[in-house]
Every structure is written in structure tokens, then in C-alpha cells.
Amino acid sequence: MLPEVGGLEYLIIAAVALIVVGPKDLPVMLRKLGQWVGKLRAMAAEFRASFDDMARQSELDELRREVEAMRQAQGSLLTSETAEVNQVLNEIGDSLRSSDIQFHPTTGGALPLTEAPTEPSEAPSSLAAPKPRRRRKAAEAPE
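From a predicted model like this one, the values you see are computed outputs, not experimental measurements. (Residues numbered from 1 in each chain as written. Predicted model: local features only at pLDDT ≥ 70, side-chain atom pairs only at ≥ 80, totals over all residues. Heavy atoms only, no water.)

### A look at the overall build of the chain
Argument step 1. Looking only at helices and strands, one finds two helices and two strands in the chain.
Argument step 2. Taken across its 143 residues, the chain has 6% of its residues classed as buried.
Argument step 3. Per element, the accessible surface of the chain, about 13500 Å² overall, is 61% carbon and sulfur. (Helix = DSSP H or I, 4+ residues; strand = E, 2+ residues; numbered from the N terminus. Buried < 20%, exposed > 50% of the residue type's maximum accessible area, 1.4 Å probe, protein only. Areas by Shrake-Rupley, 256 points an atom, 1.4 Å probe, with all protein chains shown as cover.)

Printed below as a string of C-alpha cells:
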């Protein structure tokens, strides 16, 4: 884009500036040139930052749209799955109500109505809690 400037070209530019501006005003001119270049760099950095912000914002807007579309799709999927689950649960409940099976709340198992215990003490032995083990005292321990 720009032609390359080598060491010899810099020497020629410095000699011309020294002759045209003079040795007395050369430092002032270089200071002004440095300030002007600094302002240009700051403006370029600000432009680049604003451009990057606009690009990020457009990416975020696109991402927000995608997330919203996914939420809507998930919501419709959840409502259809919920309806299916409710239908299956209702069918199971209807079939259980029409059968002779009763769920006993203390045992947690399903027992036919004819075998359902009326008292907690009449629970089958397989459902009873195991007996705690007796510990031996130190004096009763075999030697």
C-alpha cells in the first residue's frame, strides 16, 4: 500500500526538513508531528473498537435469536411430552382402579385385596425389619 521507506530515504527527509524548517524550529515541528500522529492512532483505535463492538453486538443479537428459538422449541416439546406423560399416567391409574390390586401405604408394595393386611403386625415376614444383633460384653467374649 505504502512504498517502503529505507534508511537512506529517512536521511534525505531529515536533511530537507533541517534545511527548510531550520535547526531552531525543528524540535517544535517534530513535537507537533508526534502529537498529530498520536491523535490519528487514537482515532483509529476508537474506530476499530467501535467496529468490534458493533460486530460483537450483531453476533449477540443473532445468538439471542437462536436461544429464543431453542426455548420456544423446547417449550412446545415439553408441553407435548407432558401431555403424553399425563395420558400414560391416567391410563395406568384407570387400569389400577379397575383391577383388584390395592397399594398398602405401610409396605409400599402391591398386594391383592384378599391378602392385604389389616394391621401392621400382620405384614408378611419378608417385609419385617431385621432384628438388631446383640453385642457381647467384654467378659462374655471367648478366650
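### Observations regarding helix H1 (residues 7-21)
Argument step 1. Taking 1.5 Å per residue as the helical rise, H1 with its 15 residues ought to reach 21 Å, and the 21 Å between its terminal C-alpha atoms agrees with that figure.
Argument step 2. Once H1 ends, the next one or two residues include glycine 22, with phi positive near 100 degrees. (Expected span 1.5 Å × (residues − 1).)

### Describing a nonpolar patch on the surface
Argument step 1. Residues Leu8, Leu11, Ile12, Val16, Ile19 and Val20 make up a contiguous nonpolar surface patch of about 670 Å² in total accessible area.
Argument step 2. One can find isoleucine 12 in helix H1. (Patch = residues over 30% accessible without salt bridge, like charges linked within 9 Å, V, L, I, M, F, W, Y side chains within 5 Å. Salt bridge = Lys/Arg side-chain N within 4 Å of Asp/Glu carboxyl O.)

### Regarding the pattern of salt bridges
Between side chains of opposite charge, a pair can form as their charged atoms come close.
Argument step 1. Applying the stated criterion to the full structure yields two salt bridges.
Argument step 2. The partner of aspartate 61 in a salt bridge is arginine 64, with the nearest N and O atoms 3.2 Å apart. Taken together, the positions of aspartate 61 and arginine 64, both in helix H2 (residues 26-98) and three residues apart, correspond to about one turn of that helix.

### Section: the confidence of the model for the chain
Argument step 1. For the chain, per-residue confidence averages 76 on the pLDDT scale, and residues scoring 70 or more make up 66% of the total.
Argument step 2. Taken element by element, the predicted model of the chain shows its lowest mean pLDDT in strand S2 (residues 110-112) (51) and its highest in H1 (88). (pLDDT = per-residue confidence, 0-100.)

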